[in-house]
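# Chains, contacts and geometry: an overview
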Amino acid sequence: MTKRIVAENWKVTLLLAGIGAIAGALAAITLTVFGNILSGASQAPGRAVYWWNMGIFALLGGLFSPILAWSLLRRVPLWRAVAEPALAGVLGTVAAILIAPASFPVAVPAAILGAAWRLHHAYRDRSPANALPAP
């Protein structure tokens, strides 16, 4: 029985890592385009830049998606657990590039974690068993 549960958990974890890697690679394309446009760069980035960014973001998405999902997003529907932090990352990128480009390495993860925390709070267990007893 427990071997089955462990095997199912590994399957879900690998699925989350795969979805996170794909979402990270797609986000890298979007962020590279937005970053180039918003920064006013005179020259479009080459293929090597896109492939590098896609690889890094796929690695980060594959690594951190299962961690976020199992720690903060256990009760959140899968589509929201993927879409909302990704959208927050894109919006954090746009805000960082427009306001303070040097804040990018802090602003984007903070936006993603903020979205995950909001989802965690919205879908938390509200059963009476978890409530504190009345004084």
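Model, not experiment: these values are computed from the prediction.

## A look at the environment of V108
- Assignment of secondary structure puts V108 in helix α4 (residues 104–122).
- Overall, V108 belongs to the buried group, its relative accessible area being 8%.
- It is 9.8 Å that separates the C-alpha atoms of V108 and A86, two residues lying 22 residues apart in sequence.
- In this structure, V108 is in contact with G89, G92 and T93, ignoring residues within four places of it in sequence.

## Regarding helix α1 (residues 2–39)
- With 38 residues, α1 should reach 56 Å at 1.5 Å per residue; the first-to-last C-alpha distance of 52 Å fits that figure.
- Looking only at α1, the buried set comprises T13, L16, A17, G20, G24, A25, A27, A28, L31, T32, G35 and N36.
- Residues of α1 that are buried in the fold lie against α2 (47–71) and α3 (78–99).
- At the C-terminal side of α1, G40 shows a positive phi close to 75°.

## A few points about the packing of α3 against α4
- In contact at an axis separation of 8 Å, α3 and α4 are set at 150° when each is read in the N-to-C sense. The angle between α3 and α4 falls in the class roughly antiparallel. Note on packing geometry: the crossing formed by α3 with α4 is right-handed. Where α3 approaches α4, its residues R80, A81, E84, P85, A88, G89, G92, T93 and A96 are matched on the opposing element by F104, A107, V108, A111, I112, A115, A116, R118 and L119.
- Of the residues belonging to the contact of α3 with α4, the class tally is twelve nonpolar, three polar and three charged.

## Description of the environment of S39
- With respect to the helices and strands, the residue S39 is situated in helix α1.
- In this structure, S39 is in contact with F34 and I97, ignoring residues within four places of it in sequence.

## Concerning the layout of surface pockets
- Reported here for the largest pocket is a volume of approximately 700 Å³.
- Forming the boundary of the largest pocket are 28 residues, of which L60, G61, F64, S65 and I112 lie nearest the centre.
- Contributions of two or more residues to the lining of the largest pocket are made by α1, α2, α3 and α4.

## Details of a nonpolar patch on the surface
- Taken together, the side chains of I22, L26, I29, V33, F34, I37, L38, L98 and I99 present a nonpolar region at the surface, about 840 Å² in accessible area.
- For the nonpolar patch, the secondary-structure elements that each account for two or more residues are α1 and α3.
- No other element matches α1, which puts seven residues into the nonpolar patch.
- Tracing the chain through its elements places L38 in helix α1.
- Judged by relative accessible area, which is 31%, L38 ranks as partly exposed.

## A closer look at the pattern of salt bridges
- Within this structure, the stated rule accounts for three salt bridges.
- The shortest N-O distance in the salt bridge between E84 and R80 comes to 2.6 Å. Note that E84 and R80 are positioned in helix α3 at a spacing of four residues, about one turn of the helix.
- Residues participating in the shared-partner salt-bridge network are R80, E84 and R118.

Cut-off values and rules
Residues numbered from 1 in each chain as written. Predicted model: local features only at pLDDT ≥ 70, side-chain atom pairs only at ≥ 80, totals over all residues. Heavy atoms only, no water. Helix = DSSP H or I, 4+ residues; strand = E, 2+ residues; numbered from the N terminus. Buried < 20%, exposed > 50% of the residue type's maximum accessible area, 1.4 Å probe, protein only. Contact = heavy atoms within 4.5 Å. Expected span 1.5 Å × (residues − 1). Axes fitted to C-alpha atoms, helices over the stretch in contact; angles between N-to-C directions. Parallel < 35°, antiparallel > 145°, perpendicular 65-115°, else oblique. Left-handed = near helix turned anticlockwise from the far one by under 90°. Nonpolar A, V, L, I, M, F, W, Y, C, P; charged D, E, K, R; others polar. 1 Å grid on protein atoms, 1.4 Å probe; cavity = no way out; pocket = protein on both sides within 12 Å on 5 of 7 lines; lining within 4 Å. Points joined across faces, edges and corners; volume = space filled by probe spheres on them. Patch = residues over 30% accessible without salt bridge, like charges linked within 9 Å, V, L, I, M, F, W, Y side chains within 5 Å. Areas by Shrake-Rupley, 256 points an atom, 1.4 Å probe, with all protein chains shown as cover. Salt bridge = Lys/Arg side-chain N within 4 Å of Asp/Glu carboxyl O.

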